[in-house]
Amino acid sequence: MASINSVEWRSICDKFTNAQRLTETESRNDPENDPFRSKYKARELLREIYCSLKSFEAGEGEEDVGGENCEQRPPDQPVDGQTEDAFSQGFSGDSPAGMRAAKLGAVEYYLGVNHVDTEELSAGQEHLMNCMKMLEKCRVSSENVSLFIHVRNQLGILWAGRDETETAQGFLESAESIYQRYMKEDGRPPTDMTEYFTTEENLLTHQERTKRFELAYTHTMYYLAQVYKNLGENERAATYCHSTLQRQLQLNQFSPMEWALNAATLSQYYITKGRYTEGRHCLAAATVISGLAGEVPSEAAAQESETESERREQLWQKRAEIARCWIKYCLNLLQDAKKLLEDNIGELDTDRQDELKRARRQEEEEEEKGRKSALLFGSEDTFDSIASVEEKVMCLFPLDFTEARAVFLVGQNYVTQAKEYFQMDGYVTDHIEILQDHSSLFRALAFFEEDLERRCKMHKRRVDMLEPICNDLNSRYYLLIRRQLMFELAETYNEMMDLKLTLANRQADNHSLDGHTIKKFNHLCSASAKYFQMFLDSLCSPEGKPPEHLEEEVLRPALVARFRVARLHSKLISSSPPVQLENLNRALENYKYVVQYCEAHPEAAAAVETELELSTEMVGLLPLKINRLKSRMAANN
């Protein structure tokens, strides 16, 4: 091999530097009609380097370490070798033969990446496997460990892109194992692959070597997180994603908005698992790190510059998406607290509430211990800022109205932020989903409110925000969303009706209801029945015929809607016997539908066990009530 200071070697180093410049810099300016022009030029330089290395080898009569003069080999099977052997067999990394193999392997690696970048995946795989073959002749050492990891990372990406997830997993786990063993047994800052083709005066510092090596392993973890997610190993995927984000911060190698969005997305996994400490930490970090991207450019600045316009759009959108993740955090925390505190009829269990309040001190201590043992994001510059954001919202379950309201207000603040970007004009689906979350925040807060009048007003706020949208939406384009809104409005009016009735009964003190109260009660009852009926009508054919078979996704909602319509008609208050009779007949008709549908489709019974049991009972009782009313009417006539 040529001397490191020879003219021939300096020529190779210059070619490599030019190939890197073409790949990393010049390629960004390639024209649309020739997008890979610079990468093709880089490929030719890499091939020249490969031929020069082989000619040095042949001229000096050195042992062939792999490859055939300037020719590609047939592809090897895409499997990784034994990691254990990589540390114990083959040439020493710093031996002449070991360095020759590493340099030729590095050129094969760069050729492989080049072909993958130009969408020639099979050729890319060939070169990467040639690199693997050459490295099989060497023991892992500080001179080559970086190449060992990089080539496995690239093969992992390539096979993951082909949906061959388990093959990708093999390469990436091998890279992880090599890194961990190397750090345990050696740990010195390893030679970077670019240094194989660098003159002595341009070699990297130990600090830069360490940074590049750690970044390669960070990529390994990032790709493994994707692989585990695709394999359905969500807990493992979340752990790797969390570690990746932490390492990116430590190495200062991240794009603020991309990092923040990834952290916010990770929070949603923790939330679904009830791990609110970790979820809050991810969101607080996302909020702080997204701030590093700067202020959103003004509308005036965006109009003057296309770059500023794109930046305004990106920052605004991603911060709105982070706000939506905060909304989900607050909503899930309130809903999970509600599940913990409600009794068997959905009301606040005060005994349970007192018990949980007594246990709160121990819970707070455990939270503090958990925080200390958790993998926290940030650096000296951001730790305090992240902690400050965390302090604005609790991560323990709220146990009373005051605590619940504090969580609600944080969520509502993020609703306002999210709606500023996701407006009805242009983002119909997103805007409505945010409104639905806002409605759900009110519903969850109402559970903690002891004053029934105020609770009723909270549900009225839900109606006020959803009803205009539901009535204005075009069913032709937004049928599924309209169905969701119809059902939620029906349930909301139903809850208001029950609350008004409870209030009236308390105030009347066992006396009969006054006319105003009856009118209000009937209005709420009719409104609920109207929206349930609208939901049922949306399932009918264009001719208005109900479906003979209900699809699984609408089976329970449809049968529950029938049951509720029946119940609501039987509750309507009227002094007119003919109106009473009409209401009871409509109630019976809907109760019968539930029973008859479940008889015709026995598999449906499991979806509506309680409703079916009550419907069966009412089908037996209502005819008696109807007959008594008819007899009374006949006697009066």
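Every value quoted in this text rests on a predicted model; they were computed, and no experiment measured them.

**Details of the overall build of the chain**
Part 1: Summing up its helical and strand segments, the chain has 24 helices and zero strands in all.
Part 2: Its C-alpha radius of gyration of 34 Å places the chain more than 25% over the 26 Å reference for a compact globule of 637 residues.
Part 3: Each of the three principal axes of the chain carries a C-alpha extent, and together these read 120 × 55 × 55 Å.
Part 4: Within the span of the chain, comprising 637 residues, buried residues form 47% of the whole.
Part 5: Accessible surface computed for the chain: about 32,300 Å², of which carbon and sulfur atoms make up 47%.
Part 6: Side-chain charges of the chain comprise 76 positive and 106 negative groups, with the mean position of each set lying 6 Å from the other.

**Quick look at the nonpolar core**
Part 1: Y329 and L559 are the most contacted members of the largest nonpolar core, which has 122 residues in total.
Part 2: At 14 residues, helix α13 (residues 306–341) tops the list of elements feeding residues into this core.
Part 3: Other than its neighbours up to four places away in sequence, Y329 contacts I271, Y276, G279, R280, L283, V393, M394 and C395.

**Observations regarding the side chain of E108**
Part 1: The residue E108 is located in helix α4 (residues 96–117) in this model.
Part 2: Note on E108: relative accessible area 3%, which makes it buried.
Part 3: A distance of 3.3 Å separates polar atoms of two side chains, one belonging to E108 and the other to N130.
Part 4: Beyond its immediate chain neighbours, meaning those up to four positions away, E108 contacts Y50, H127, L128, N130, C131 and M134.

**What about the packing of aromatic side chains?**
Part 1: The full count for this structure, using the stated rule, is 29 aromatic pairs.
Part 2: Seen in terms of ring centroids, F487 and F532 are 5.4 Å apart; in terms of plane orientation they differ by 85 degrees. Their pairing is edge-to-face. Pair noted here: F487 is in helix α20 (residues 475–508) and F532 is in helix α21 (residues 515–538), with a separation of 45 residues, a long-range link. Taken as a pair, F487 and F532 share a single burial class, namely buried.
Part 3: Through successive ring pairs, a cluster of aromatic residues spans W9, F16, Y109, Y110, Y196 and F197.

**Some words on the side chain of E611**
Part 1: Counting through the fold element by element, E611 comes out in helix α24 (residues 609–636).
Part 2: Taking the relative accessible area as the measure of exposure, E611 reaches 12% and is therefore buried.
Part 3: In this structure, E611 is in contact with R556, V560 and F563, ignoring residues within four places of it in sequence.

**Details of the pattern of salt bridges**
Part 1: This model, assessed by the stated rule, comprises 35 salt bridges.
Part 2: Residues E235 and R275 are paired through a salt bridge, measuring 2.9 Å at the closest nitrogen-oxygen approach. Placement of the pair is E235 in helix α9 (residues 234–251) and R275 in the loop between α10 (256–272) and α11 (276–291), with a sequence separation of 40 residues.
Part 3: Taking relative accessible area as the criterion, E235 reaches 39% and is therefore assigned partly exposed.

**Quick notes on the packing of α11 against α13**
Part 1: At a closest axis distance of 11 Å, the pairing of α11 and α13 adopts a crossing angle of 160 degrees. When the axes of α11 and α13 are compared, the pair comes out roughly antiparallel. Two packed elements cross with a definite hand, and for α11 against α13 that hand is left-handed. Of the residues in α13, those touching α11 at Y276, G279, R280, L283, A284, A286, T287, S290 and G291 are R319, I322, C325, W326, Y329, N332, L333 and D336.
Part 2: Among the residues making up the contact of α11 with α13, the classes are represented as nine nonpolar, five polar and three charged.

**Section: the packing of α13 against helix α17 (residues 401–421)**
Part 1: At a closest axis distance of 8 Å, the pairing of α13 and α17 adopts a crossing angle of 155 degrees. In terms of orientation, α13 lies roughly antiparallel with respect to α17. Considering the relative orientation of α13 and α17, their crossing is left-handed. Contact residues: E313, W316, Q317, A320, A323, R324, W326, I327, C330, L333 and L334 in α13; A404, V407, F408, V410, G411, Y414, V415, Q417, A418, E420 and Y421 in α17.
Part 2: Classifying every residue of the contact of α13 with α17 by side-chain character gives 16 nonpolar, three polar and three charged.

**What to know about helix α1 (residues 7–24)**
Part 1: Compared with an ideal rise of 1.5 Å per residue, which puts 18 residues at 26 Å, α1 spans 26 Å between its outermost C-alpha atoms and is within 8% of the ideal.
Part 2: Residues of α1 that are buried include every one of W9, I12, C13, F16, A19, Q20 and L22, and no others.

**Brief notes about empty space enclosed by the protein**
Part 1: The full count for this structure, using the stated rule, is two cavities of 30 Å³ or more.
Part 2: Its boundaries defined by the atoms lining it, the largest cavity holds a volume of some 70 Å³.
Part 3: Lining the largest cavity are L536, L539, C540, P546, P547, L550, A558, L559, R562 and Y593.
Part 4: Ranked by residue count, the leading element in the lining of the largest cavity is helix α22 (residues 552–571), at three residues.
Part 5: Looking at the lining of the largest cavity, its residues break down into nine nonpolar, no polar and one charged.

**Brief notes about the confidence of the model for the chain**
Part 1: Of the residues in the chain, 92% have a pLDDT of 70 or more, and the chain-wide mean is 90.
Part 2: The low-confidence segment residues 63–77, where pLDDT is below 50, has 41 contacts with residues more than four positions distant or belonging to other chains.

**Side note on the environment of N522**
Part 1: With respect to the element layout, N522 can be found in helix α21.
Part 2: Since its relative accessible area comes to 16%, N522 is described here as buried.
Part 3: Between the C-alpha atoms of N522 and H569, which are 47 residues apart in sequence, the distance is 9.7 Å.
Part 4: With sequence-adjacent residues up to four places away left out, N522 is seen in contact with L572 and I573.

Here is what the cut-offs are and how they apply
Within each chain, residue numbers correspond to sequence positions counted from 1 in written order. Local features in this predicted model are restricted to residues of pLDDT 70 or higher, and side-chain atom pairs are both shown and tallied only at a pLDDT of 80 or more, whereas totals for entire chains, interfaces and linings draw on every residue. The side-chain values count all of the structure's non-hydrogen atoms but skip hydrogen atoms and water molecules. Strands here mean DSSP runs of E at least two residues long; helices mean DSSP runs of H or I at least four residues long; both are numbered from the N terminus. Only the C-alpha atoms count toward the radius of gyration. The rule for a globule is 2.2 Å times the residue count to the power 0.38. The rule is simple: take the accessible area with a 1.4 Å probe, protein chains only, and divide by the maximum for that residue type; under 20% is buried, over 50% is exposed, in between is partly exposed. Only the protein chains shown count as covering a residue, and every accessible area follows the Shrake-Rupley method with a 1.4 Å probe. Charged-residue counts in this description rest on Lys and Arg as positive and Asp and Glu as negative, His and the chain ends being excluded. For the purpose of locating charges, the reference atoms are NZ of Lys, CZ of Arg, CG of Asp and CD of Glu. For our purposes a nonpolar core is just a set of buried Ala, Val, Leu, Ile, Met, Phe, Trp, Tyr and Cys residues, chained together by side-chain atoms within 4.5 Å. For this analysis, residues touch if any pair of their heavy atoms sits within 4.5 Å. Counted as a polar contact is a pair of N or O atoms within 3.5 Å, where, for protein atoms, one must be capable of donating a hydrogen and the other of accepting one, and residues adjacent in sequence contribute only when both atoms are in side chains. In this scheme Phe, Tyr and Trp rings, the latter by its six-membered ring, pair at centre separations within 6.5 Å, and the angle between planes marks the pair as stacked below 30 degrees, edge-to-face above 60, and tilted otherwise. The working definition used for a salt bridge is a side-chain nitrogen of Lys or Arg within 4 Å of a carboxyl oxygen of Asp or Glu. The axes are straight lines fitted to the C-alpha atoms, using for helices just the contacting stretch, and the angles between their N-to-C directions are given from 0 to 180°. In this scheme, roughly parallel covers angles under 35 degrees and roughly antiparallel covers those over 145, while 65 to 115 is roughly perpendicular and the rest are oblique. In this scheme the crossing of two helices becomes right-handed for a clockwise turn of the near helix relative to the far one and left-handed for an anticlockwise turn of less than a right angle. Following the grouping adopted for this structure description, the nonpolar residues are Ala, Val, Leu, Ile, Met, Phe, Trp, Tyr, Cys and Pro, the charged ones are Asp, Glu, Lys and Arg, and the polar ones are all others, Gly among them. A helix is expected to span 1.5 Å multiplied by its residue count minus one. A cavity, in this analysis, means grid points on a 1 Å lattice covering only the protein atoms where a 1.4 Å probe fits yet has no way out; a pocket is instead an open set bounded by protein on both sides within 12 Å along at least five of seven lines, and a residue lines either one if it has an atom within 4 Å of a point. Grid points are joined across faces, edges and corners, and a volume is the space filled by probe spheres set on the points. One number per residue, pLDDT, summarises how confident the predictor is, and it ranges from 0 to 100.

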